[in-house]
Amino acid sequence: MTSTTRREFHQKTLGALLTWSLLDTLFAGDAFASDVRPVASQWLAKLNSMSLDLKGKKLEQLEWQKQVEELFSKVDLPELLQFIDFEKLTANVKFKERGELSLQATLPEVEGLPTKLVFGHQVFALNKGRSVVPHGHDNMATAFLILKGNFHGRHFDRLEDEKEHMIVKPTIDGSFASGSYSTVSDLKDNVHWFTAMDDGAFIFNIHVMSVNPGRTGRVYIDPAGEKLAGDKLRCRKINHVQAETLYG
Ligand SMILES: [Fe+2]
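Keep in mind that what you see is a predicted model, and the values were worked out from it rather than measured.

A few words on the pairing of strand S9 (residues 201-209). Consecutive residues of a regular strand have side chains that alternate between opposite faces of the sheet. Looking at chain direction, strand S2 (residues 120-126) and S9 are connected through 7 bridges and run antiparallel. Bridge assignment links Gln-122 to a residue of S9, and that residue is Asn-205. Across 8 bridges, the pairing between strand S4 (residues 140-148) and S9 is antiparallel. Across the sheet, residue Phe-144 finds its bridge partner in S9, namely Asn-205.

Below, the discussion takes up the nonpolar core. Residues Leu-145, Leu-147 and Ile-203 are the most contacted members of the largest nonpolar core, which totals 52 residues. Per-element tally for this core: the top contributor is S4, with 7 residues. In contact with Leu-147, other than residues within four places in its own chain, are Leu-81, Phe-86, Val-123, Ser-178, Phe-202, Ile-203 and Phe-204.

Secondary-structure assignment places Lys-169 in strand S6 (residues 165-176). The sequence separation of Lys-169 and His-155 amounts to 14 residues, and the corresponding C-alpha distance is 8.5 Å. Not counting chain neighbours up to four residues away, the residues in contact with Lys-169 comprise Phe-156, Asp-157, Leu-159, Asp-231 and Lys-232.

When pLDDT is averaged across the protein chain, the result is 89; 85% of the residues are at 70 or more. Across residues 23-36, confidence stays below pLDDT 50; counting only partners more than four residues off in sequence or on other chains, it has 4 contacts.

Basis of the calculations
Residues numbered from 1 in each chain as written. Predicted model: local features only at pLDDT ≥ 70, side-chain atom pairs only at ≥ 80, totals over all residues. Pairing = 2+ DSSP bridges. Helix = DSSP H or I, 4+ residues; strand = E, 2+ residues; numbered from the N terminus. Core = buried A, V, L, I, M, F, W, Y, C linked by C-beta atoms within 7 Å. Buried ≥ 20, exposed ≤ 12 C-beta atoms within 10 Å, placed from the backbone. Contact = placed C-beta atoms within 7 Å. pLDDT = per-residue confidence, 0-100.

Here's what the structure looks like:
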């Protein structure tokens, strides 16, 4: 073999190797996309269209809660965890002394999933005994899906607002294992409070802010309120620092 033909031979072989390597990568990528991504992305896309309908008044708040819970009941948790790259997201978590740490998952850009979602999303990280402190919501619809660990979850209906108090009534009080979920709107189960029962516990949260134009956000309360007739409680409105000191 002359030196020229040897060089050509090497170039061709290298070219073939590169092609195979590239094909391999593309194939692996495609397999991953077709096997995993569409299910989780379709799930998120449905959540997005429901939330758009909620803001566009095509969907009533109670109906949004019902549909979101139905969708959450069908989630494939391992796929969702893979989609949000849960392992990487939670690899070096510095858990907070009180309350929840909010982590931001970067969603992969996938066909069929809008890059700009109408809802905000985050992953809450907590160690045992720490809580997403008791709070209600103004003009907001939210949902929790437990990703890992067990929680004690409580909800209350927000019945009435006074200047410094909120009248509430307990609605949900139970154990939430991974895959469990609950929703919040202005009309139903508006106040929630979740305490981690395990170290390294995580919640996937989505929130639709300003369901109607105007102010939106959390309102913290102290559930150790005055007991009223009919199972109701008259709870003090408190600020975030007070809530974390008492319950975080
Ligand atoms: Fe909340």
